[in-house]
Amino acid sequence: MTAKSKHAQGGSDRAYVGQGVRTLGGDALVAGVAKYTSDFQFPGQLHAHFVRSPHAAARIKRVDLSGALKVAGVVLAMEGKEAAEHLDPIPHYIDAAVFGGKTVHVRCLALDQVWQFGQPVAVVVAEDKKTARYAASRVQVEYEPTPAVLEAEDAVKPGAPVVVPGWADNSIMALPFVNGDVVKAFERAHRVVKTTVRIHRFSTQPIETRTYNAVWDHETHGITFYATAQNPHPLRHVLSTALRMPENLIRIVAPAIGGAFGMKMHGHPEEALVCLLTKRTGQPVKWVEDREECLLIGAREQLHEVELAVQKDGEILGLRDRALANTGAPSACPGWGMAFLTGLTFPGPYKVTDVDVLMNIVTTNKPSWNASRGYGKEATALALELAIDNTARAIGVDPIEMRLRNFIAKDAFPYNSPTGLIYDSGDYAGAVKKTLEALGYDNWKKKQQQARAEGKLLGIGLAYELTPEGGAIPGTMVAGYDSSTVRVGPDGSVMLLTGVTTPGTGNPTGMAQIVADELGVELEGIRVVQGDTTTCPYGFGNYSGRSTIVGGGAAAMAAREVREKILTIGAALLEVDFATVSLLRGVLRSSAKPDKTLSLKEVAYAAYTRAYDVGLAITPPLEATCTFRPGLIRHTPDEKGRINPYPSYSNAAYAVVCEVDRETGQVKLLQFAAAHDCGKVINPVLVEGQACGAIAFGIGGMLNEEIRFDAQGRQLTNTFVNYVMPRAHDVPAINMVHHDSPNPVTYQGLKGAGEAGVGGSAAAVVNAVNDALAPLNVSITDLPLTAPRVWQAIQSAAQPARKREVA
Amino acid sequence: MTTNMEEMLEDSVLLQCRVNNKPCELEIAPGTTLLELLREEMRLTGTHMGCMTGHCGACTVLIDGQVAKSCITLAATVQRKTITTLEGLKDAEGKLTPIQQAFWDEAGLQCAFCAPGMVLTATELLKSNAEPTDDEIRTAMAGNLCRCTGYQSIVRAVRAAARVMKQLK
Amino acid sequence: MSLHPQYARPRSAAQAVEVLGNLGAGAVVIAGGQELMPHVNYGRLMPTVYVDIAALPELAGITEKDGEVAIGALTVHRTLQRDAIVQRALPLLAHAAAQVGGGWQVHNRGTVGGNLVAMHPLYDIAPVLLALQADVEIQAPEGVRRAALGKILAETSHGLGTSSLLTRILLKPMQPDAGWAYEKLKITAGSYGSANAAAVVSLTGNKLSTLRVVIGAVSEQPLDASEALHGLLGKPWDAVAGARVESLCSASPKTLLDDQQGDATWRRAMAGVVARRAVQAAVANAQRTNK
């Protein structure tokens, strides 16, 4: 059943949490008056345009800015040497060196060499955008191209060009995730089935590209940085380090954002550079990323060679995976860390304990990764789920049965995974059953039989995704805790200021629902403030589905403290026992004096103005700042040196029906169903919306989105002509149901809902296509499943019947 | 015929049109796109830039009641036309239209960066088709990209808007 | 190339061509802008002068006279979809205009002339007009000329958009008993076309008496496969005929596109598939019409 939105039930006693209330501030969004970063413009506004490398690998012999400086309206031009005088290298979001891997300084503008196509080499600032762009085209850079390496498989070969000067090879780190005795498990098994899953490079591409507007403050010698930033406070730290300025002179303002999906986590070269430009010019400098630049940022390209050692009935005795992640050129962004998570998330929802995963995280001369929704866990889902289906087919077991046989049982939680994670709760088998019901599985099975009799290719695919959410990586600003302030003014109006931010999915509304319930006030009047490092409590922004977990958790705690203050004053005003007072929808009552009520406004005013009589029992003003630090995260390594960086484990089952056109290879999705567990659901409409969005990502990634390069490493995919994302007709009706098991330590048991969905839905699509192709004895695990690729597989099946796996 | 080229070539264009119900008379540079005119000259920032190649629809406006992508419309070519942006949909008292209201009530959008395309296309659709099927809604939205919602909530919002508008009749 | 382009608004097609001739390279024609502006927005094109042709009377309107339909180049796709003359006399074109990509925004502002002059391999209008054996009327520096569309597409010297102007598209109304179809194959709903085919047929009894098939989006230029299919005339339409259409059309492209819309091998096979499907649908369409 899909959730229905409705207005909050004003005036009733019903809790807001759990209701699909409409978004706070949603009227501004539909009226076009919300302000996104690019909407800001300041007196004296200047505009920047970058000169970018046309080579994947080259030495920079000379940068000649003179042509640009001659153009009327140009205020400044800068290249790498000058930038390096004023800017320190960009601090890494996650420094591989902290984990025993290789590291390298990353600068805003390339210094002596470039290591990726599109790398910024110089920048021009002018009075208007078009002049800046034209002048940038007048900058002359002399390059000496050097051999580039683009594929991870090539990058790990001996003698491959080394991307980073000074590194012995191209491996950032090769991470083992080993538990038990895989060799014995493989020996015991009835069969070992190998599946090679080749995940391609694709990208999240929010509709709003990155935008930065840095404003120099002549009074304080500080900078206000308006930015599409998911993580304002950590960004401030990065800028302060790079700019050699104290943090207290830098203010980050993150306005309404047009989608983020990890791409707007910091470490990008343009961030500190635009700040430097305002410092140098003394005027506001704005940079708006164009779509071609945005398409440079990609992720997820991984190659997995998965082996499952199984018994006749499909029980998995052991799992081995040799994986290569092509993370592109080095970057200060947290993209490369996704590959770490991929390894860590094995073996997902399955109870096999003998595992041997090796994740080799590799640099190449492709453009750098940044975080992408799923953060590596979608790759684990793809590798695992495709391997399970392939293995099931190989041994003649139903893939659904095989999953049910291998799932961790619902009474096994908290569950210690072979890689050291502690899963909080879950009922994976239950979710699968619900999904199949929501899909109408039995009906579709019948239709499939009919279709097959007619020679049609109808497929049903299932996949499961385990998505650790709310992550905290030690020694980094990927922090598992956050803070919120609840403030009630003298007039009784309520403000929530929080260190978490929103990518546009509505968590401010969810958190306001929590505060409204905990405080005892009407929802609609609550004002949520986020994204401003000067006014908001220190926090870490949004990623990993954390905002409602930690921001909401902290807001609940703060609201309770303020509520207690309010009730204390109210009791004093009414001259009754504290135990008899309650506050609901802004009205304070006492069971001891049923005829008397006080408005929150009256109580609040008293709190502020009567600090020495009725207010003596509390500490004014009426506000509290609290921090929520979920207990399940464990950063102290266990006896095997492992940590549990996640407090909660959202999970979901996805099922999809597809039809493959035999003649063309086109894949048409007929229906989608999903049952997901995100713990307590604060706002079902918002959660469902996010889940549908994630499914669209999975569909797009599997059926058409692909970033391509030519042999020299120039990126060919540069507009929406060749990067094709799903449109309304590409996403079938989705039947979404809930199957929630609460997390034991978070607010009302919520688990986070932001990230789950990409990998599971992607894997379900692939499994459905391969199910459709099953009568032809072919399967495809080389992604994406574009029509030409599917067609090729069908053609190869016309060869004498023998199980074929198409690369 | 010999055209006087000096008279033929203009360094600026006097654009006379209507924007959000107000007459607009501006001397503009010929290379100005309608998107630039709206966002930069008139500071109407409700219309957004997403791709600059006419694919995403975030720059959508209504020109004489029909959706158009303002990033690929040269402002000089809307002489004497009526332009309506997302901000201009509201009625005289500043009330949201039933379509805008439905998008809000139904959580049709998330980040809402795609709102100009979605809401204005829905506006054109429901004028000519009061009870569109889901298929017709999805077809109408073919020019608009959304990355947040997976389109399901958008279709739901348009259906709800159609219901409300039917009741209002 | 200019940071400060100028603007010109000629009053007649002849004047427009004269102005273009005077301005030379750097001047661009602007109507709907759907083709031009993406390049301008990225600075790949920096016009010196925008020559606005939106008011030219010779390019406006749709008329039917003396057994010929004339469609002004400024006609937008939306009008082609809805116009009474086009719906009656050229239903294939009305249908194809609804398959043009880019959504309603492009349908509202994109002109048929702009679409045609772009000569983009993946577009829909050229294959359809070729199937309908359209002529085009061009205002050239030396005066008005009329030529078969196929001839113009094969020329490199037509100067359309730079020194000459497409004014009208001229077509004979389709036969009332004709069957027609337009097959557009896309990898996903949001994709550009990977292979398309326009087919117009007429039947005598159950035998094909005329057959026009044009295949687009698989090569740089649309392919008129009608000649190659000549051998099917006078024969019944059945599975064997369908297989012949498929293999002949698959074999006909000399060079194939190989890009993110699909590799060459697949494109070659799809040329055959869309052609066969289009003819199949056109035949079914004719049989329905003539019941």
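Right above here is the structure, for reference.
Residues numbered from 1 in each chain as written. Chains lettered and ligands numbered in written order. Predicted model: local features only at pLDDT ≥ 70, side-chain atom pairs only at ≥ 80, totals over all residues. Heavy atoms only, no water.

Caption draft 1: The arrangement of helix 4 (residues 115-128) of chain B in detail. Residues and elements named next belong to chain B. With 14 residues, helix 4 should reach 20 Å at 1.5 Å per residue; the first-to-last C-alpha distance of 20 Å fits that figure. Counting buried residues in helix 4 gives 12 out of 14 residues, a clear majority hidden from the surface. Those residues of helix 4 lying buried are Ala115, Pro116, Gly117, Met118, Val119, Leu120, Thr121, Ala122, Thr123, Glu124, Leu125 and Leu126. (Helix = DSSP H or I, 4+ residues; strand = E, 2+ residues; numbered from the N terminus. Expected span 1.5 Å × (residues − 1). Buried < 20%, exposed > 50% of the residue type's maximum accessible area, 1.4 Å probe, protein only.)

Caption draft 2: View of the nonpolar core. In this structure, Phe225 and Leu273 of chain A are the most contacted members of the largest nonpolar core, which totals 124 residues. Listed in part, the 100 residues of the second largest apolar core include Cys658, Cys692, Ile699 and Val769 of chain A. (Core = buried A, V, L, I, M, F, W, Y, C linked by side-chain atoms within 4.5 Å.)

Caption draft 3: View of the interface of chain C and chain A. Between chain C and chain A, the residue contacts involve 29 residues of the former and 27 residues of the latter. Between chain C and chain A the total buried area reaches about 2300 Å² when both faces are included, carbon and sulfur atoms providing 55% of it. If you look at where chain C meets chain A, you find 4 salt bridges. On inspection of chain C and its partner chain A, the count reaches 16 residue pairs in polar contact (both at pLDDT 80 or more). Elements with a minimum of two residues in the side of chain C that touches chain A: helix 2 (36-41), strand 9 (179-186) and helix 11 (264-289) of chain C. Per-element accounting of the side of chain C that touches chain A gives the leading share, 7 residues, to helix 11 of chain C. Of the residues that constitute the side of chain C that touches chain A, the class distribution is 13 nonpolar, 9 polar and 7 charged. (Contact = heavy atoms within 4.5 Å. Buried area = accessible area lost by both parts, 1.4 Å probe. Salt bridge = Lys/Arg side-chain N within 4 Å of Asp/Glu carboxyl O. Polar contact = N/O pair within 3.5 Å; in protein donor to acceptor, adjacent residues only side chain to side chain. Nonpolar A, V, L, I, M, F, W, Y, C, P; charged D, E, K, R; others polar.)

Caption draft 4: How the structure looks around the sheet that holds strand 22 (residues 581-584) of chain A. All names here are of chain A. Spatially, 3 strands are ordered 22-23-24 in an open sheet, and the strand pairing comes out antiparallel. In the strand order of this sheet, the two ends are held by strand 22 and strand 24 (597-599), each with one partner. Between one strand axis and the next, the sheet turns by 25° as a mean value, whatever way the strands run. Of the pairings in the sheet, the one linking strand 23 (residues 587-590) to strand 24 comprises 3 bridges and is antiparallel in character. Directly across from Val587, in strand 24, lies its bridge partner Ser599. Against the sheet, helix 16 (residues 547-574) engages strand 22, strand 23 and strand 24, with an angle of about 125° to strand 22. In this fold helix 17 (residues 600-609) packs onto strand 22, strand 23 and strand 24, with an angle of close to 70° to the strand it touches most, strand 24. (Pairing = 2+ DSSP bridges. Axes fitted to C-alpha atoms, helices over the stretch in contact; angles between N-to-C directions.)

Caption draft 5: Main features of the interface of chain A and chain B. Facing the 60 residues of chain A at the interface are 47 residues of chain B. Taken together, the two surfaces of chain A and chain B that pack against each other cover about 4400 Å², and 55% of this comes from carbon and sulfur. If you sort the residues of chain A by the area they bury against chain B, Val30, Ile207 and Arg727 of chain A come out on top, with a joint share of 17%. Linking chain A to chain B there are 4 salt bridges. Arg22 of chain A is the partner of Asp105 of chain B in a salt bridge, and the nearest nitrogen-oxygen pair spans 2.7 Å. The tally of links between chain A and chain B comes to 23 residue pairs in polar contact (both at pLDDT 80 or more). When contributions to the side of chain A that touches chain B are tallied by element, the ones reaching two or more residues are helix 1 (26-30) and helix 18 (684-703) of chain A.

Caption draft 6: Examining the side chain of Arg585 of chain A more closely. Considering the arrangement of structural elements, one finds Arg585 of chain A in the loop between strand 22 and strand 23. One polar contact links the side chain of Arg585 of chain A to the main-chain carbonyl oxygen of Arg14 of chain A, over a distance of 2.7 Å.

Caption draft 7: Structural view of the pattern of salt bridges. Residue and element names in this part refer to chain A. All told, the structure shown has 59 salt bridges over all chains when counted by the stated rule. For Glu289, the salt bridge goes to Arg210, with nearest N and O atoms at 3.0 Å. Here Glu289, found in the loop between strand 12 (285-288) and helix 9 (291-294), pairs with Arg210, found in the loop between strand 8 (191-199) and strand 9 (211-217); they are 79 residues apart in sequence, far enough to count as distant. Each member of the pair, Glu289 as well as Arg210, carries the same accessibility label: buried. A salt bridge links Lys456 to Glu454, with the nearest nitrogen and oxygen atoms 3.1 Å apart. Classification of Lys456 as partly exposed rests on a relative accessible area of 41%. One network of salt bridges, in which partners are shared, links Arg52, Arg210, Glu270, Glu289 and Glu293.

Caption draft 8: A look at the sheet that holds strand 4 (residues 113-114) of chain A. Residues and elements named next belong to chain A. Spatial ordering of the open sheet is given by 4-2-6, a layout of 3 strands whose pairing is antiparallel. What marks the edges here is a single partner per strand, and that holds for strand 4 and strand 6 (140-145). Where strand 2 (residues 58-64) meets strand 6, 6 bridges bridge the pair, whose relative direction is antiparallel. Note that in strand 6 the partner of Arg59 across the bridge is Glu144.

Caption draft 9: Representation of the environment of Asn777 of chain A in the model. Residues and elements named next belong to chain A. Mapped onto the secondary structure, Asn777 falls in the loop between helix 19 (758-773) and strand 29 (778-780). Residue class for Asn777 comes out partly exposed when judged on its relative accessible area of 33%. Considered as a pair, Asn777 and Pro744 are 33 residues apart in the sequence and their alpha carbons are 46 Å apart.

Caption draft 10: Inspection of unusual backbone geometry at higher detail. Looking along the chain, the bond that leaves Phe413 of chain A and enters Pro414 of chain A is cis, with omega of -5°. Omega for the peptide link from Leu783 of chain A to Pro784 of chain A comes to 0°, which places this bond in the cis form. The phi angle at Arg585 of chain A is positive, at roughly 50°, despite the residue not being glycine. Overall, Arg585 of chain A belongs to the buried group, its relative accessible area being 11%. In this structure, Ala112 of chain B is a non-glycine residue whose phi angle is positive, near 70°.

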